[in-house]
Number of protein chains: 2
Amino acid sequence: MTVNGEFNHDMRRVPTGEFMTPSRKTNGVGVQAEDTKICVVMVGLPARGKSLIAQKVVRYLHWLSIKAKTFNVGQYRRTNTPNPSADFFDTSNSEGERLRRAAAEAAVNDMCKWFAEGQGLIAILDATNSTKKRRRWIQERCDAEGIETLFVESKCDDEDIIMSNILEVKTTSPDYVGQDPESAAQDFRNRIRNYERVYQTIDEDEFDLTYVKLIDVGKHVIINQIQDYLQSRVVYYLMNLHIRPRSIWLSRHGESQYNLNGKIGGDAELSERGEMYARALPGLVKQSVGDSRKLTVWTSTLRRTIATARFLEFEKLEWKALDELDSGVCDGLTYAEIEERYPDDFKQRDEDKYNYRYLGGESYRDVVIRLEPIIMELERSENILIVTHQAILRCIYAYFMNVPQERSPWMEVPLHTLIKLTPKAYSTQEERLKADIPAVSTFREKGSSAKHQEAA
Amino acid sequence: MTVNGEFNHDMRRVPTGEFMTPSRKTNGVGVQAEDTKICVVMVGLPARGKSLIAQKVVRYLHWLSIKAKTFNVGQYRRTNTPNPSADFFDTSNSEGERLRRAAAEAAVNDMCKWFAEGQGLIAILDATNSTKKRRRWIQERCDAEGIETLFVESKCDDEDIIMSNILEVKTTSPDYVGQDPESAAQDFRNRIRNYERVYQTIDEDEFDLTYVKLIDVGKHVIINQIQDYLQSRVVYYLMNLHIRPRSIWLSRHGESQYNLNGKIGGDAELSERGEMYARALPGLVKQSVGDSRKLTVWTSTLRRTIATARFLEFEKLEWKALDELDSGVCDGLTYAEIEERYPDDFKQRDEDKYNYRYLGGESYRDVVIRLEPIIMELERSENILIVTHQAILRCIYAYFMNVPQERSPWMEVPLHTLIKLTPKAYSTQEERLKADIPAVSTFREKGSSAKHQEAA
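This one's a predicted model, so the numbers in the text were calculated from it and none came from an experiment. (Residues numbered from 1 in each chain as written. Chains lettered and ligands numbered in written order. Predicted model: local features only at pLDDT ≥ 70, side-chain atom pairs only at ≥ 80, totals over all residues. Heavy atoms only, no water.)

Enquirer: What's the story with unusual backbone geometry in this structure? I'm lost.
Expert: Within the chain, S65(A) stands out as a residue other than glycine whose phi angle is a positive 65°. Mapped onto the elements of the fold, S65(A) is located in the loop between α1 (50-63) and β5 (68-72). (Helix = DSSP H or I, 4+ residues; strand = E, 2+ residues; numbered from the N terminus.)

Enquirer: So what exactly am I meant to see when it comes to a negative patch on the surface here?
Expert: Judged by side-chain charge, D157(A), E159(A), D160(A) and E196(A) come together as a negatively charged surface patch. For D160(A), a relative accessible area of 63% translates into the label exposed. (Patch = residues over 30% accessible without salt bridge, like charges linked within 9 Å, V, L, I, M, F, W, Y side chains within 5 Å. Areas by Shrake-Rupley, 256 points an atom, 1.4 Å probe, with all protein chains shown as cover. Salt bridge = Lys/Arg side-chain N within 4 Å of Asp/Glu carboxyl O. Lys, Arg positive; Asp, Glu negative; His and termini not counted. Charge placed at Lys NZ, Arg CZ, Asp CG, Glu CD. Buried < 20%, exposed > 50% of the residue type's maximum accessible area, 1.4 Å probe, protein only.)

Enquirer: I tried to follow the packing of aromatic side chains on my own but got confused; where do I start?
Expert: Aromatic ring pairs are described here by two measures, namely the spacing of the ring centres and the angle between the planes. By the definition in use, this model includes 21 aromatic pairs over all chains. Aromatic side chains W298(A) and W319(A) sit 5.0 Å apart centroid to centroid with 50° between the ring planes, which places their arrangement in the tilted category. Remark: W319(A) occurs in the loop between β12 (315-318) and α11 (335-341) and W298(A) occurs in strand β11 (residues 296-299); sequence separation between them is 21 residues. Judged by its relative accessible area of 1%, W319(A) falls in the buried class. Site record: aromatic cluster; members linked through ring pairs are W63(A), Y399(A) and F400(A). Of note, K353(A) hangs over the ring of W410(A), and the distance from its end group to the ring centre comes to 4.1 Å. Above the plane of the ring of Y399(B) lies R59(B), whose end atom (NZ or CZ) is 5.0 Å from the centre. (Phe/Tyr/Trp six-rings, centres within 6.5 Å; stacked < 30°, edge-to-face > 60°. Lys NZ or Arg CZ within 6 Å of the ring centre and 35° of its normal.)

Enquirer: What is the right way to read the state of the cysteines from this model?
Expert: By definition, a disulfide links two cysteine residues through a covalent bond between their sulfur atoms. What the rule picks out here adds up to zero disulfides over all chains. The cysteine C39(A) is free of any disulfide, with C142(A) supplying the nearest cysteine sulfur at 4.2 Å. (Disulfide = S-S within 2.5 Å.)

Enquirer: Got a minute to help me understand the sheet that holds strand β8 (residues 211-215) of chain A in this structure?
Expert: Note on sheets: strands pair through backbone hydrogen bonds, and any given pair is parallel or antiparallel. Strand order in the open sheet formed by twelve strands is β5(A)-β6(A)-β4(A)-β7(A)-β8(A)-β9(A)-β9(B)-β8(B)-β7(B)-β4(B)-β6(B)-β5(B), and the pairing between neighbours is mixed. Whereas interior strands pair on both sides, the edge strands pair on one side only; in this sheet they are β5 of chain A together with β5 (68-72) of chain B. Direction aside, the axes of adjacent strands within the sheet are offset by 15° on average. Where strand β8 (residues 211-215) of chain B and strand β9 (residues 220-224) of chain B come together, five bridges link them in antiparallel fashion. Note on β9(B): the bridge partner recorded for K213(B) is I222(B). Together, β4 (38-43), β6 (122-126) and β7 (148-155) of chain A form the strand contacts of helix α4 (residues 132-144) of chain A, whose direction differs from that of β7(A) by roughly 155°. (Pairing = 2+ DSSP bridges. Axes fitted to C-alpha atoms, helices over the stretch in contact; angles between N-to-C directions. Contact = heavy atoms within 4.5 Å.)

Enquirer: Please clarify how the pairing of strand β6 (residues 122-126) of chain B should be interpreted in this entry.
Expert: Across a regular strand the side chains alternate sides, sitting on one face of the sheet and then on the other. All names here are of chain B. Burial within β6 is extensive, with five of its five residues counted as buried. Across four bridges, strand β4 (residues 38-43) lies against β6 in parallel orientation. Opposite C39, over in β6, you have A123 as the bridge partner.

Enquirer: When you look at the environment of R193(A) in this model, what are you seeing that I'm missing?
Expert: Mapping R193(A) onto the fold places it in helix α6 (residues 181-198). Each C-alpha atom, one on R193(A) and one on A435(A), is 48 Å from the other, the two residues being 242 residues apart in sequence.

Enquirer: Could you clarify how one ought to interpret the domain arrangement of chain A in this entry?
Expert: Often, the extent of an interface is quoted as the loss of accessible area upon association of its parts. All names here are of chain A. By domain assignment, chain A separates into domain 1 (3-16 + 35-240) and domain 2 (248-455). One C-alpha centre belongs to domain 1, the other to domain 2; they are set 35 Å apart. Taken together, the contact pairs 18 residues of domain 1 with 19 residues of domain 2. When domain 1 packs against domain 2, the two sides together hide about 1900 Å² of surface, and 53% of this comes from carbon and sulfur. (Domains from an automatic or database assignment. Buried area = accessible area lost by both parts, 1.4 Å probe.)

Enquirer: I keep staring at the side chain of R380(B) and nothing clicks. Help me out?
Expert: On the secondary structure map, R380(B) appears in helix α13 (residues 364-380). Despite being buried, R380(B) has no salt bridge partner; E377(B) is the closest side chain of opposite charge, sitting 4.7 Å away. Separated by 2.5 Å, the side chain of R380(B) and the backbone oxygen of I226(A) make a polar contact. If near-sequence neighbours (up to four positions away) are discounted, R380(B) is found in contact with I226(A), Q227(A), D228(A), Y229(A), S232(A), M239(B), N240(B), H242(B) and R244(B). (Polar contact = N/O pair within 3.5 Å; in protein donor to acceptor, adjacent residues only side chain to side chain.)

Enquirer: Explain the packing of helix α5 (residues 159-172) of chain B against helix α6 (residues 181-198) of chain B to me, please; I cannot follow it from the model alone.
Expert: When two helices pack together, their arrangement is given by the angle between the helix axes and the distance between those axes. All names here are of chain B. Contact geometry of α5 with α6 gives a least axis separation of 9 Å together with a crossing angle of 125°. Taken as axis vectors, α5 and α6 run oblique relative to one another. The interaxial crossing formed by α5 with α6 has right-handed handedness. Along the contact surface, α5 presents M163, I166, V169 and K170, while α6 presents P181, E182, A184, A185, F188, R189 and I192. Across the contact of α5 with α6, the residue classes tally to eight nonpolar, no polar and three charged. (Parallel < 35°, antiparallel > 145°, perpendicular 65-115°, else oblique. Left-handed = near helix turned anticlockwise from the far one by under 90°. Nonpolar A, V, L, I, M, F, W, Y, C, P; charged D, E, K, R; others polar.)

Enquirer: Before we go on, may I ask you to explain the pairing of β4(A) in this structure?
Expert: All names here are of chain A. Most of β4 sits inside the fold, with six of its six residues counted as buried. Burial along β4 is two-sided: the residues I38, V40 and M42 and C39, V41 and V43 are all buried. One ladder, built from six bridges, connects β4 with β7; its direction is parallel. Each bridged residue has a counterpart across the sheet, and for M42 the counterpart in β7 is V152.

Enquirer: What is the right way to look at the pattern of salt bridges in this model?
Expert: Close approach of charged atoms lets side chains of opposite charge pair. Residues and elements named next belong to chain A. All chains considered together, the criterion is met by 51 salt bridges over all chains. Linking R303 and D267 is a salt bridge whose minimum nitrogen-to-oxygen distance equals 3.7 Å. You can see R303 sitting in helix α10 (residues 303-309) and its partner D267 sitting in the loop between α8 (257-261) and α9 (272-289), a full 36 residues away along the chain. Linking R444 and D350 is a salt bridge whose minimum nitrogen-to-oxygen distance equals 2.8 Å. Taken together, the residues R444 in the loop between β16 (440-441) and β17 (453-454) and D350 in helix α12 (residues 343-351) connect sequence positions 94 residues apart. Taking the relative accessible area as the measure of exposure, R444 reaches 4% and is therefore buried. Assessed through its relative accessible area of 10%, D350 is described here as buried. Salt bridges sharing partners connect three or more residues here, namely R77, R78, D175 and R191.

Enquirer: Could you clarify how one ought to interpret the environment of R244(B) in this entry?
Expert: Residue and element names in this part refer to chain B. Inspection of the secondary structure puts R244 in the loop between α7 (229-239) and β10 (248-252). Among the residues examined, R244 registers a relative accessible area of 33% and is labelled partly exposed. As for R244 and G218, which are separated by 26 residues in sequence, their C-alpha atoms are 10.0 Å apart. The residues touching R244, leaving out its near neighbours within four places in the chain, are I161, R380 and E382.

Enquirer: How should the nonpolar core be read in this particular structure?
Expert: Generally speaking, nonpolar side chains in soluble globular proteins are found buried as a group. The biggest cluster of nonpolar side chains holds 174 residues, and the ones touching the most others in it are I122(A), I223(A), L378(A), I122(B), I223(B) and L378(B). By size, the runner-up hydrophobic cluster in this structure holds 50 residues, among which are V43(A), W137(A), F71(B) and W114(B). (Core = buried A, V, L, I, M, F, W, Y, C linked by side-chain atoms within 4.5 Å.)

Enquirer: Explain the side chain of R48(B) to me, please; I cannot follow it from the model alone.
Expert: All names here are of chain B. With respect to the element layout, R48 can be found in the loop between β4 and α1 (50-63). One buried charged residue, R48, remains without a salt bridge, the closest side chain of opposite sign being E196 at 4.4 Å. Those residues in contact with R48, other than ones at most four positions away along the chain, are S154, C156, I162, N165, I192, E196 and I243.

Enquirer: Looking at this structure, how should I read α7(B)?
Expert: Counting along an α-helix, one turn takes 3.6 residues, and residues three or four places apart therefore face a common direction. A large share of α7(B) lies buried, amounting to eleven of its eleven residues. The set of residues buried in α7(B) consists of Y229(B), L230(B), Q231(B), S232(B), R233(B), V234(B), V235(B), Y236(B), Y237(B), L238(B) and M239(B).

Enquirer: Looking at this structure, how should I read α13(B)?
Expert: Relative to the 24 Å expected for 17 residues at 1.5 Å per residue, α13(B) spans 24 Å between its end C-alpha atoms, a close match to the ideal helical length. For α13(B), the buried fraction is high: 15 of the 17 residues fall into the buried class. (Expected span 1.5 Å × (residues − 1).)

Enquirer: Even after reading the chapter, I still don't get the packing of helix α7 (residues 229-239) of chain A against α7(B), so can you show me in this structure?
Expert: Where α7(A) meets α7(B), the axes come as close as 11 Å, and the angle between the chain directions of the two elements is 150°. In this view, α7(A) runs roughly antiparallel relative to α7(B), as classed from their interaxial angle. As α7(A) runs across α7(B), the sense of the crossing is right-handed. Mapping the contact onto sequence places Y229(A), S232(A), R233(A), V235(A), Y236(A) and M239(A) in α7(A) and Y229(B), S232(B), R233(B), V235(B), Y236(B) and M239(B) in α7(B).

Shown next, in the form of structure tokens:
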């Protein structure tokens, strides 16, 4: 039953003798009815970024505290056929056809079980689903289980993007482990050709389906029959994606006067060593980025990030939304002072750091909400270097690296270190480049109120 | 220059002798560069809901603290031709053609002036803009002024919707003031026919434009070349709209035990009189809604709203996002106690109630952010009755009635009153239905800490 469904006749008598209809609850995010189940069905030829899109949607939903999971039909197929050649995907190969159909059924069965056990709200069925027949079958299976379907087709005729996806697949796909890259690429091209023969794009025949067509991801989008808020939220995210290769660089500001004194918050200047980091940063960036690539630098509106970025010869943008987590009444205090003045709060924060909101300030959960526009704009952008603050960097990092909420506020993100994140189809690659400039460690372990320590 | 534009070569020497590129700032909402200017250009035949859509976008943006304004070409035209007949809109009428073109030019000129004076970020150009030539002209004018264009076409072939729009226009449009309704409707149909003769839908020729096509508003959406976050935000809102006629009903919970004691926050039960209101509400709703219409009831997750709605025989949904503004450390206190214990905070709150965040709690601004999913889902829905709390109701009411931020936290929303809001093309109609059940007034004037008073 959907939120906007028919009047509910399932009334029950209550002690007062009055008629009542039972209420249904929205989930923790306050976004949607508890009983929402959405299957996002990927559609498209190989090398159109489907897996990348699927993984991103799941990461994004996790980051927003919405439980989601990808069911990758290829992974099910690999249990029987770990390294198939292109022939396996030829529709005239009836044994291949049977095994591929069995893999799809196994994936859908596991997905239905996952929903029935109440394990999540959104499942992504990652496969080519390239025929109308296959899509109709999925929709009917889902209908029978009370699962909404949202078909997401990725169409792309940009040869550069396809080739770069092919190159990536041949180096990262489990199908081609240990094989010669050139023959892997050739085989993969043949596999695509086999799919092209039977591929049917979503069209007017399927007007009753809820679907999104992403054409040259991000350029042109067609949306049909969106049914509810959570679907529209996913579609909004999809609208903002692109699949051109790029990297994101993250750095905290250089060591500040407050860092030296162990104080939190504030709008302090850089320390002498922080200043050294600011001067070293252009070299560090050049080393990591190379000469040829364009880059935009984002900072917060606080002095320590602006000062840190000031020698970078790129376009810059200051974002209020990148300002450090607001520590409210604790702004300008050391952890020892906070423990002394607000002992209960200090303890509470340790117990649930993600949800703890400083008096008059913010929680990590609050920060995630205000960072959402940043994440959307990051998705729209290409190469971006963000110079920001510890808590903010943790939240952004958690988004890209799929770090669970309970862990993200405790991650160590040292000063004077440039982090490079490169989204790939099956994961995000990370590199860290440390400047040879000492700084205090601002990492505080659970239960500790020690003044910031000199890093090893 | 756009956020993702070319590397900025406009470097300047700084005192330290290093090269620096100047930073640009994002606006207060942290959403977009300060210098963003977007012209939303409406496209479509008369009676396709263009003005309704334009007004809604402006209201929504104001609610999110983004400055926006509609420039309605019809209003400019009316200064010369207040009550034109359908012939005026015949393209073979060259004098009509000249006057209509002059009106469009006047509107675009005023809009450019408005942007140049830094008065806002988003302008809506509300007119039919039904030919490719006209759209190209607007795009070129905007390009020259550094204004981005976002074309929004509303296409609709649903005769029921068109007829209901025609009926509304004949009764509310300034063009037909004082005229016989039947002949007004006939004339308006002829006017539409004149437009149909020259109407060109947005198509492949215009692939270089940024556009959204809304087909049967809300059912099918085509999006092309969205350029930045603020555009994608507007598009997301448009995606969620429909223009079917409907109403929204708002009610606070019945009087609670806390209301009686003058305490704020908490999760109290209803008072005896609150209980009477709960029992009277189904009759009140029937009186306002009528018998035939379907309705869904939304409540918060707090006991006083659930108890108030419990005798309503409609489908119900509990939303965490509808819970009362979190008053943090002040939860459970009276205003007199707050003034005594937190005198500075009490004063601060009076000075800027919209932005004041209770220690460990929320501000009205925070509430607006968490209510956004509610507003989106409300836009997607048809007839909804919301039983909620004073601050939440003020924010929702402010959205529909376009109440400015500084006023909304001070609005009087009495207990035991059912408010009916009906969105129309040119405004939202309001009716209030008072239950004949006395209750305390929970309205506090600026500077006052008086205990809640018995309402007159």
